[in-house]
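Residue-level listing of the chains:
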Amino acid sequence: MNWRLWIPLFAFAAFLGLAAYQLTQPKDEFVESRMVGESLPYFELPPAMVGVDGISSADFADGQPRLLNIWASWCLPCIAEAPHLENLKRQGADIVGVAIRDRPEDVARFLAQHGNPYSRIGRDDLSEVQLAIGSSGVPETFVIDGQGVIRYQHIGDVRASDVPVLLAELEKSR
């Protein structure tokens, strides 16, 4: 027998072993931003709807820490997090929103139905700001310190158990 005939079989067995090993490893569903610890990139976003102010990166460099919430009216988890954002607002958090690929009338309808915890809301039609800060989806919330530096990233919808964590992260950013 020729030993060269066995090489493809051994290669295939090694591949199967590697694949089986990878399937047993914990799955990481989230893509963390590499921007944590970095300054917000420059941006200026128009208002997401009539009656609210738009936002720019300069708004985050006034000495006050804020939450930057990436959301959309078409996002179901954004509905689930709405009462928890209201709770954060009641407890003194300044929350700035970035509406992703949304229409003004849809933003207004969403806020009328689910409350408006935002002090400002910018419209990011092309997801440029979302991508620039390393957000992988909606919803996502970032703690931005008073100098405009991203200090913390919360991936996914904010839940009741996340409220104290976000408040603590805001306090650490003062």
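Our structure is the block above this text.
Just so you know, these numbers come straight off a predicted model, no measurement behind them. (Residues numbered from 1 in each chain as written. Predicted model: local features only at pLDDT ≥ 70, side-chain atom pairs only at ≥ 80, totals over all residues. Heavy atoms only, no water.)

A. Representation of empty space enclosed by the protein within the structure. A complete count under the given rule lists one cavity of 30 Å³ or more for this structure. Space inside the largest cavity adds up to approximately 50 Å³. Forming the boundary of the largest cavity are Asn69, Trp71, Cys78, Glu81, Ala82, Leu85, Phe110, Gly115, Pro117 and Tyr118. At the level of elements, strand 3 (66-71) and helix 2 (76-90) are the ones that each hand at least two residues to the lining of the largest cavity. Split into classes, the residues belonging to the lining of the largest cavity amount to seven nonpolar, two polar and one charged. (1 Å grid on protein atoms, 1.4 Å probe; cavity = no way out; pocket = protein on both sides within 12 Å on 5 of 7 lines; lining within 4 Å. Points joined across faces, edges and corners; volume = space filled by probe spheres on them. Helix = DSSP H or I, 4+ residues; strand = E, 2+ residues; numbered from the N terminus. Nonpolar A, V, L, I, M, F, W, Y, C, P; charged D, E, K, R; others polar.)

B. Focus on the sheet that holds strand 6 (residues 140-144). Taken together, five strands build an open sheet; the order of strands is 5-4-3-6-7 and the sheet is mixed. Two strands bound the open sheet, and with one partner strand each, they are strand 5 (118-124) and strand 7 (150-155). Strand after strand, the sheet turns through a mean of 20° between neighbouring axes, direction not considered. Relative to strand 7, strand 6 is paired through five bridges, and the arrangement is antiparallel. Bridge pairing in strand 7 links Phe142 to Gln153. (Pairing = 2+ DSSP bridges. Axes fitted to C-alpha atoms, helices over the stretch in contact; angles between N-to-C directions.)

C. Main features of the state of the cysteines. Counted according to the given criterion, the structure contains one disulfide. For Cys75, the disulfide goes to Cys78, at an S-S distance of 2.4 Å. The S-S bond linking Cys75 to Cys78 shows a torsion near 85°; that makes this disulfide right-handed. (Disulfide = S-S within 2.5 Å.)

D. Summary view of the side chain of Glu140. Mapped onto the elements, Glu140 comes out in strand 6. Buried and without a salt bridge, Glu140 has Arg101 as its closest oppositely charged side chain, separated by 11 Å. Looking at Glu140, its side chain comes within polar contact range of the side chain of Ser135, at 3.2 Å. Reaching out from Glu140, the side chain makes a polar contact with the backbone nitrogen of Gly137 at a distance of 3.4 Å. Residues within four places of Glu140 in sequence aside, it is in contact with Leu68, Asn69, Ile70, Gly134, Ser135, Gln153, His154, Ile155 and Gly156. (Buried < 20%, exposed > 50% of the residue type's maximum accessible area, 1.4 Å probe, protein only. Lys, Arg positive; Asp, Glu negative; His and termini not counted. Salt bridge = Lys/Arg side-chain N within 4 Å of Asp/Glu carboxyl O. Polar contact = N/O pair within 3.5 Å; in protein donor to acceptor, adjacent residues only side chain to side chain. Contact = heavy atoms within 4.5 Å.)

E. Layout of the nonpolar core. By size, the foremost hydrophobic cluster in this structure holds 23 residues, and its most contacted members are Leu67, Trp71, Leu88, Leu111 and Ile121. Looking at this core, the elements with two or more residues in it are strand 3, helix 2, strand 4 (95-100), helix 3 (104-114), strand 5 and helix 5 (163-172). For Leu67, the residues in contact, after removing those within four places along its chain, are Leu88, Ala93, Asp94, Ile95, Val96, Thr141, Phe142, Val143, Leu166 and Leu170. Phe43, Ile55, Ile70 and Val129 belong to the second largest nonpolar core, which has 15 residues in total. (Core = buried A, V, L, I, M, F, W, Y, C linked by side-chain atoms within 4.5 Å.)

F. Structural view of the pattern of salt bridges. Counted according to the given criterion, the structure contains 11 salt bridges. Between Asp94 and Arg66 there is a salt bridge, with the nearest N and O atoms lying 2.8 Å from each other. In this pair, Asp94 is assigned in the loop between helix 2 and strand 4 and Arg66 in strand 3, connecting sequence segments 28 residues apart. Among the ionic contacts, a cluster of salt bridges with common partners joins Arg103, Glu105, Asp106 and Arg109.

G. Expanded view of the environment of Arg101. Inspection of the secondary structure assignment puts Arg101 in the loop between strand 4 and helix 3. As for Arg101 and Asp124, which are separated by 23 residues in sequence, their C-alpha atoms are 6.1 Å apart. A distance of 2.4 Å separates a polar atom in the side chain of Arg101 from a polar atom in the side chain of Ser127.

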